[in-house]
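Results of the structural survey
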Amino acid sequence: MRKFVLAVVATLAFAAGALADNFPARSITIVVPFSAGGPSDAMARILAERMKTSLGESVMVENVTGAGGSIAVGRAVRSPPDGYTISFGHLGTHVANGAIYKLGFDLVSDLEPLVLLPSNPMIIVSKNAVPAKTLQELLAWLKARPTPAAAGTAGAGSGSHIAGLYFENVTGIKLQYVPYRGTGPAMNDLVGGQIDLIVDQTSNSIGQVRAGNIRAYAVTADKRLSSAPDVPTTDEAGLPGFHMTLWSGMWVPKGTPKEIVAKLNAAAVDALNDPAVRKQLENLGLQIPPADQLSPAALGAWQKAEIAKWWPMIKAANVKVE
Ligand code: MLT
């Protein structure tokens, strides 16, 4: 019996090794939990384009939207643990949603961390018609309104929603959230004046701010961004300590062989070290993690720390979802 078990284990190990040796043998899919054209989609497509060079196989992006990104993550969790399905996400999808939705899966134990990705300071932006030029004037306008202002989000639990909750928390204002399938479409309505503001990822707003199509009030970083030197920090704008950075990451289904995790991690790290890719990401205001934070284990530890940090605020907000 002992010989039989050892034979089975050896066969499985050999199979896993063989699987990894031949990986990838076909195209890989990165499941992005928000609409095309938004900040998550933009980052995923930049990385996918470079990862295919290292992996020698095409890397596709599939946008699966809804429920603050949790439908996409669920799709990845239920995919075979063979490295061909990657779950792209961030603080919202892989931390906040666990405190808001009955997911039917566990964000830590049902997924294998792959790599921590660039982070995005948030930026407070409004439609140009808002009668305010500074953050203090915006807060006065928000507090004086008879009804809450319409704040665009990518759904309950998304980064723009968590940032909105945090903004309400530190200022005492009330917002009326307008959910979209991503901040890409939300931005179109902000430019069009259908909604009043977004607490958005800088990478999504920076182009419209530079074009003068929307107004920026402050970035939630402790120092100004080289990609937006004219926009004050929240400290400078009179909201000291309101700091938030939306980090992203990639995961694979639990049980994916570690050799395959290592290959995918290496391809992502190659992409993040590629000068042309870094230029694209930095031009969007994205901050690339240091090398010692690019291991799968580093993402795992960071995700757990962020769950401990954010869940109390999110649970206290008592977010209602259908
Ligand atoms: C997006 O890509 O639309 C964003 O990541 C959404 C969000 O979390 O605010």
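Going by the structure above, here's the rest.
Cut-offs and rules
Residues numbered from 1 in each chain as written. Predicted model: local features only at pLDDT ≥ 70, side-chain atom pairs only at ≥ 80, totals over all residues. Heavy atoms only, no water. 1 Å grid on protein atoms, 1.4 Å probe; cavity = no way out; pocket = protein on both sides within 12 Å on 5 of 7 lines; lining within 4 Å. Points joined across faces, edges and corners; volume = space filled by probe spheres on them. Helix = DSSP H or I, 4+ residues; strand = E, 2+ residues; numbered from the N terminus. Nonpolar A, V, L, I, M, F, W, Y, C, P; charged D, E, K, R; others polar. Near = heavy atom within 4 Å. Polar contact = N/O pair within 3.5 Å; in protein donor to acceptor, adjacent residues only side chain to side chain. Sits in = over half its atoms within 2 Å of the grid points. Patch = residues over 30% accessible without salt bridge, like charges linked within 9 Å, V, L, I, M, F, W, Y side chains within 5 Å. Areas by Shrake-Rupley, 256 points an atom, 1.4 Å probe, with all protein chains shown as cover. Salt bridge = Lys/Arg side-chain N within 4 Å of Asp/Glu carboxyl O. Buried < 20%, exposed > 50% of the residue type's maximum accessible area, 1.4 Å probe, protein only. Core = buried A, V, L, I, M, F, W, Y, C linked by side-chain atoms within 4.5 Å. Contact = heavy atoms within 4.5 Å.

A word on empty space enclosed by the protein
- For the structure shown, the criterion picks out one cavity of 30 Å³ or more.
- Every residue lining the largest cavity is counted, 13 residues in all, and those nearest its centre are Phe34, Pro39, Ala154, Thr183 and Gln201.
- Elements supplying a minimum of two residues to the lining of the largest cavity: helix 2 (39-55) and helix 6 (159-171).
- Looking at the lining of the largest cavity residue by residue, the classes come out as three nonpolar, 10 polar and no charged.

Some remarks on the site of the ligand
- Taken together, Phe34, Pro39, Ser40, His90, Ala154, Ser158, Gly159, Ser160, Gly182, Thr183 and Gln201 form the complete shell of residues around the ligand.
- Between the ligand and Thr183, the relevant distance is 2.8 Å, taken from an oxygen atom to a main-chain nitrogen or oxygen of the residue.
- Gln201 places a polar side-chain atom, nitrogen or oxygen, 2.8 Å from an oxygen atom of the ligand.
- Among the detected pockets, the ligand sits in the largest cavity.
- Considering only residue class, the shell around the ligand consists of three nonpolar, eight polar and no charged.

Looking at the environment of Ser79
- Counting through the fold element by element, Ser79 comes out in the loop between helix 3 (70-77) and strand 3 (85-90).
- Along the primary structure Ser79 and Pro253 are separated by 174 residues, whereas in three dimensions their C-alpha atoms are 6.6 Å apart.
- At a separation of 2.8 Å, a polar atom in the side chain of Ser79 contacts the main-chain carbonyl oxygen of Arg75.

A few points about a nonpolar patch on the surface
- A surface patch of nonpolar side chains, about 510 Å² in accessible area, is lined by Met1, Phe4, Val5, Val8 and Val9.
- Mapped onto the secondary structure, Phe4 falls in helix 1 (residues 2-21).
- A relative accessible area of 54% places Phe4 in the exposed class.

A closer look at the pattern of salt bridges
- Counted by the stated rule, this structure contains 10 salt bridges.
- Here Arg50 ties to Asp274 by a salt bridge, and the two come within 2.7 Å at their closest N and O atoms. One end of the pair, Arg50, is in helix 2; the other, Asp274, is in the loop between helix 9 (258-273) and helix 10 (275-283), and 224 residues separate them in sequence.
- For Asp274, a relative accessible area of 17% corresponds to the buried category.
- Between Lys258 and Glu259 there is a salt bridge; the shortest N-O distance is 3.8 Å.
- Here Lys258 falls in the exposed class, since its relative accessible area comes to 66%.
- Note on Glu259: relative accessible area 33%, which makes it partly exposed.

Section: the nonpolar core
- Among the nonpolar cores identified, the biggest contains 50 residues, and Leu135, Leu142 and Phe167 are the most heavily contacted of them.
- Discounting chain neighbours no more than four positions away, the residues touching Phe167 are Ile124, Leu135, Leu139, Leu142, Ile173, Leu175, Val199, Leu239 and Phe242.
- Counting 35 residues, the second-largest nonpolar core is a separate cluster that includes Phe23, Ala44, Met250 and Ile288.

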